[in-house]
Structures are given as C-alpha cells and as structure tokens.
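Working through the structure, step by step
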Amino acid sequence: MTKSFILGSTALWLLGIMLIAGNTVALEAKAIATLRSKAQVLKFSVGTAVRLEPLMNDATYAEILGREFNVLTAEDAMKFSATHPTRDRFDFTDADKIVNFATTHGMKVRGHTLVWERRLPRWLVEGSFSKIQVSAILKHHIQTVVGRYRGRVFAWDVINEAIDVEGVGLRQTFWSKMLGSDYIAQTLTWARDADPHAKLFYNDYGGEALGAKSDAIYDLLKSLKERGLPISGIGLQSHFVLETPPKMSDVATNMKRLAALGLEIQITEFDVRMAMPVTDKKLRDQAQIYLDYLSTCLSIANCTAFLSWGFTDKYSWVPDFLTGRGAALPFDEGYRPKPAYRAMAQALNNSGRP
Ligand code: XIL
C-alpha cells in the first residue's frame, strides 16, 4: 500500500510539475505576445486613456488595460473641474484610483491636464475674479495637483490646446483673457517648481503633420526653448479621420524639426474614427493608419510614447461627440482585438529601434 501510495503521489507530483511548467510556458508565451511586452523591449511607452467607471466595474476592461499597456492617462479624472470642484476643496478620489491602478500594475502615468479652456468649474469661470486672483488660483491649483503626484506622474500635459484653430496665434480662452499672453511661460514655471523631475508637455490637436497650425505650435515651442523655459515635449493628440489621415512623410518631417529643438514627442490621444457602420474594408484602412503612424513615431528616436484615447470601442468619446462616427480604437465593443490592434503589434515587432 505504501509503495503504491508513494508511486501514486510521485506520479501526481510529476504531473503537477509538468502542469506548472506547461503553465509557465503558456503564461510566458502570452506575456510575450502583448503590446506592453513588445514595447518594454524597445523601452517604449504604449498606452491609453482610462475612464474610472469601467475601471471599477468592468473586469475585462481592467484586465486588458493592465495586460496590454505600460502607460496610462486619465481621460477626465485629472481635469480642473474634477480635481478642484470648489474654490477651497480639491478632490482626488477618482484620480487616485487611476494612479493606484497604474502603480499596482507597474505602469507609468501621464497627467492630463492642468491648463485647458474646457472642463473648468463654474465657481472659477463665473467667479468674477481679478487677474491677480486668477493667477493665484491657478498657481495654487498647479502646486497642489502636480505636488500630490510628484514622482508618480512622469509627464504632464501642462497646457492643452492653446493655439487657435487656424494656427494664427494664441487661442482666446479664459486663461489667456484673464492672465495675458505670457500665461504659458508662467504655468510651466509653476509646474516645474511643483515637480522638478516631471516632463512638462504642450499638448494639442491638428499639428501632427505640416501646415499653419503645426508651424504655430513649432514657433511657440521654439520661443519657449529659447527663453530657457522648462518645456520637455510636445503631445500630438492625433484624433484622425479614416478618410483623411495626415501624410506620414509630413508627420516625420514635423517630428524631426520638433526633435531638433531638443523636445520629446508623444502621441497622446490617438484614434481613427470612421463613418458608421463598420465594414471590413474600413477596418483594414484603419489598421493601415495605425501601422503607418506608430511606425513613423518609432522611426524617430525622440518619439517616446504612443497612447490611444481609450482602447475599446465600448468606451470612446467619439460617438458621443461626433455624431455618426465611431469604431476608432484597437479593440471592438466586445473586447475583440481589431486589425488595428494587430497593426500596432506589427509596428512594434518591426521597429528598427535598438
Ligand atoms: C474628452 C473626453 O474624452 C470626454 O470624456 C470629455 O467629456 C471631454 O473631453 N482633447 C483632449 C481631451 O485633450 O481631454 C478630450 O477628452 C478630447 C479632445
């Protein structure tokens, strides 16, 4: 009995080892196949914007997020009205949950955003404050928000969308009207004081390729650099339209001139929207844009991160803001990877990066 027991348990033990070994191999194979692990090899950041509601309530969302990406940003939770709902009170409940998820999963965090004309609380815009008061409020806001996440947020979109649509100059916003045209320099300095090590970004849309707007962004960043102000990089939002993507050779030319200023380039809000309904052809065309755009970024050494604005069509700002448009992201509504996802994997696989 003892003999057969020993034999039997040895067999079980061996089986266990084999199962564990098999499992380990399977797990490793799975880990190697993610966007995250491919990016890690290249010391590159691949990521997405995150919404709190599905992060808390949709297990598949959280599982894919932690598995596929090594950087995240808060889609809304770090905007002014979210973190600073009344004049005397900050609220970091939502932002903390997102940052804590990143910490637990070994992901970097991009902070979005400190100075933007949207998502401002009514107490601020309707408060009839003087210039001196608004300046003090914004300084305090930046010190508090950046200070709280010092060492945890590696890059901040300090200023978002400050150039006007035609690219002829600074956009007229609450901030520019209240503080005057030099508010950008001022806010960069406050952010630098609040975190000496965070990378400080100017973030905007429509300046990815060549044209009046990207020229205006370039001129602004060049002058900030020349004045010795703490600007580390440019965030290219990259909200693209399926039928009219930018010319990739122009994107590369633009990235090179920005890199020549000593700036990092990060793709911060990529998506490629299409007119609904989805067809196979549209998905293939979309995948081609994903492939070309990520490959272009990877071909420029200073392009260090690539984030899409969400990762599943189940949660995307596109259908809510652009009627009749959608399906802009790499996973579909049922979390199935789309051709766009495979295009990202292919770009990471084939990058010439050392
Ligand atoms: C959008 C979010 O996706 C929405 O959930 C929100 O209601 C409005 O803002 N450019 C930006 C982002 O910098 O902050 C915007 O995000 C999309 C356009």
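Keep in mind it's a predicted model, so treat the numbers as computed, not measured.

**Comments concerning the overall build of the protein**
Within the protein one finds 15 helices and ten strands. Here the C-alpha radius of gyration of the protein, 23 Å, is about what a compact globule of 354 residues would show, namely 20 Å. Seen through its C-alpha atoms, the protein measures out along the principal axes to roughly 90 × 45 × 40 Å. Burial status across the protein gives 54% buried among its 354 residues. Taking the intrachain contacts of the protein between residues at least 6 apart in sequence as the baseline, contacts between residues at least 24 apart amount to 78%. Accessible surface for the protein amounts to roughly 16000 Å². Of this, 56% is attributable to carbon and sulfur atoms.

**Remarks on the nonpolar core**
With 109 residues, the main nonpolar core has Leu65, Trp156, Trp175, Tyr202 and Leu221 as its most contacted residues. With residues up to four places along the chain from it excluded, the contact list for Leu65 reads Thr48, Val50, Leu55, Leu72, Phe101, Met107 and Phe311. Counting residues in each nonpolar core, the second largest holds six residues, with Val71, Ala155, Phe201 and Leu307 among its members.

**Comments concerning the pairing of strand 9 (residues 303–308)**
The element strand 9 is largely enclosed, with a buried count of five among its six residues. Pairing geometry for strand 8 (residues 264–275) and strand 9, over four bridges, is parallel. Looking at strand 9, one finds that Gln266 is bridged to Ala305. Handedness of the crossover joining strand 8 and strand 9 through helix 13 (residues 280–299): right-handed.

**Concerning the packing of helix 13 against helix 15 (residues 339–349)**
Relative to each other, helix 13 and helix 15 sit at 25°, their axes nearing to 8 Å. Considering the angle they form, helix 13 stands roughly parallel to helix 15. Of the two possible hands of crossing, helix 13 and helix 15 adopt the one that is right-handed. Between helix 13 and helix 15, the contacting residues are Leu283, Gln286, Ala287, Tyr290, Leu291, Leu294, Ser295 and Leu298 on the first element and Pro339, Ala340, Ala343, Met344, Gln346, Ala347 and Leu348 on the second. By residue class, the composition of the contact of helix 13 with helix 15 is twelve nonpolar, three polar and no charged.

**Digging into the pattern of salt bridges**
Evaluation of the coordinates by the stated rule reveals 20 salt bridges. Glu117 is paired through a salt bridge with Arg171; the nearest N and O atoms lie 3.5 Å apart. Of this pair, Glu117 sits in the loop between strand 3 (108–115) and helix 7 (122–125) while Arg171 sits in the loop between strand 4 (155–160) and helix 9 (174–179); the two residues are 54 residues apart in sequence, bridging distant segments of the chain. The class of Glu117 is partly exposed, set by a relative accessible area of 28%. Bridged by salt links that share partners, the residues Glu63, Arg67 and Glu68 form one connected network.

**Quick word on the packing of aromatic side chains**
Per the stated rule, a full pass over the model turns up 18 aromatic pairs. A centroid spacing of 4.8 Å and a plane angle of 35° characterise the contact between Tyr61 and Phe311, whose relative ring orientation is tilted. Taken together, the residues span a long stretch of sequence, with Tyr61 in helix 4 (residues 59–68) and Phe311 in the loop between strand 9 and helix 14 (317–321) at a distance of 250 residues. Here Tyr61 and Phe311 have matching classes, each one buried. Aromatic side chains Phe80 and Trp123 sit 6.4 Å apart centroid to centroid with 50° between the ring planes, which places their arrangement in the tilted category.

**Quick look at unusual backbone geometry**
The residue after His112, namely Thr113, is reached through a cis peptide bond having omega 0°. Within the secondary structure, Thr113 sits in strand 3. For Ala327, which is not glycine, the phi dihedral falls at a positive 50°. Counting through the fold element by element, Ala327 comes out in the loop between strand 10 (325–326) and helix 15.

**Structural notes on the site of the ligand**
Surveying the vicinity of the ligand reveals 14 residues, the closest of which are Glu75, Asp76, Lys79, His112 and Arg119. Lys79 places a side-chain nitrogen or oxygen 2.8 Å from an oxygen atom of the ligand. Surface burial for the ligand is 91%, taken as the share of its 410 Å² of free accessible area covered by protein chains. Of the residues contributing to the shell around the ligand, the split by class is four nonpolar, four polar and six charged.

**Things to note about the state of the cysteines**
A full pass over the atoms with the stated rule returns one disulfide. A sulfur-sulfur separation of 2.1 Å characterises the disulfide bridge that pairs Cys297 with Cys303. Across the disulfide from Cys297 to Cys303, rotation about the S-S bond amounts to roughly -100°, and the bridge is consequently left-handed. For Cys297, a relative accessible area of 0% corresponds to the buried category.

**Considering the environment of Phe69**
Structurally, the position occupied by Phe69 is in the loop between helix 4 and strand 2 (71–74). What makes Phe69 buried here is its relative accessible area of 0%. Between the C-alpha atom of Phe69 and that of Leu348, which follows or precedes it by 279 residues, the distance is 13 Å. The residues touching Phe69, leaving out its near neighbours within four places in the chain, are Leu35, Arg36, Val46, Gly47, Thr48, Ile64, Met107 and Phe311.

Rules used throughout
Residues numbered from 1 in each chain as written. Predicted model: local features only at pLDDT ≥ 70, side-chain atom pairs only at ≥ 80, totals over all residues. Heavy atoms only, no water. Helix = DSSP H or I, 4+ residues; strand = E, 2+ residues; numbered from the N terminus. Rg over C-alpha atoms; globule rule 2.2 N^0.38 Å. Buried < 20%, exposed > 50% of the residue type's maximum accessible area, 1.4 Å probe, protein only. Contact = heavy atoms within 4.5 Å. Areas by Shrake-Rupley, 256 points an atom, 1.4 Å probe, with all protein chains shown as cover. Core = buried A, V, L, I, M, F, W, Y, C linked by side-chain atoms within 4.5 Å. Pairing = 2+ DSSP bridges. Right-handed = clockwise from strand over helix to strand, strands pointing away. Axes fitted to C-alpha atoms, helices over the stretch in contact; angles between N-to-C directions. Parallel < 35°, antiparallel > 145°, perpendicular 65-115°, else oblique. Left-handed = near helix turned anticlockwise from the far one by under 90°. Nonpolar A, V, L, I, M, F, W, Y, C, P; charged D, E, K, R; others polar. Salt bridge = Lys/Arg side-chain N within 4 Å of Asp/Glu carboxyl O. Phe/Tyr/Trp six-rings, centres within 6.5 Å; stacked < 30°, edge-to-face > 60°. Near = heavy atom within 4 Å. Polar contact = N/O pair within 3.5 Å; in protein donor to acceptor, adjacent residues only side chain to side chain. Disulfide = S-S within 2.5 Å.

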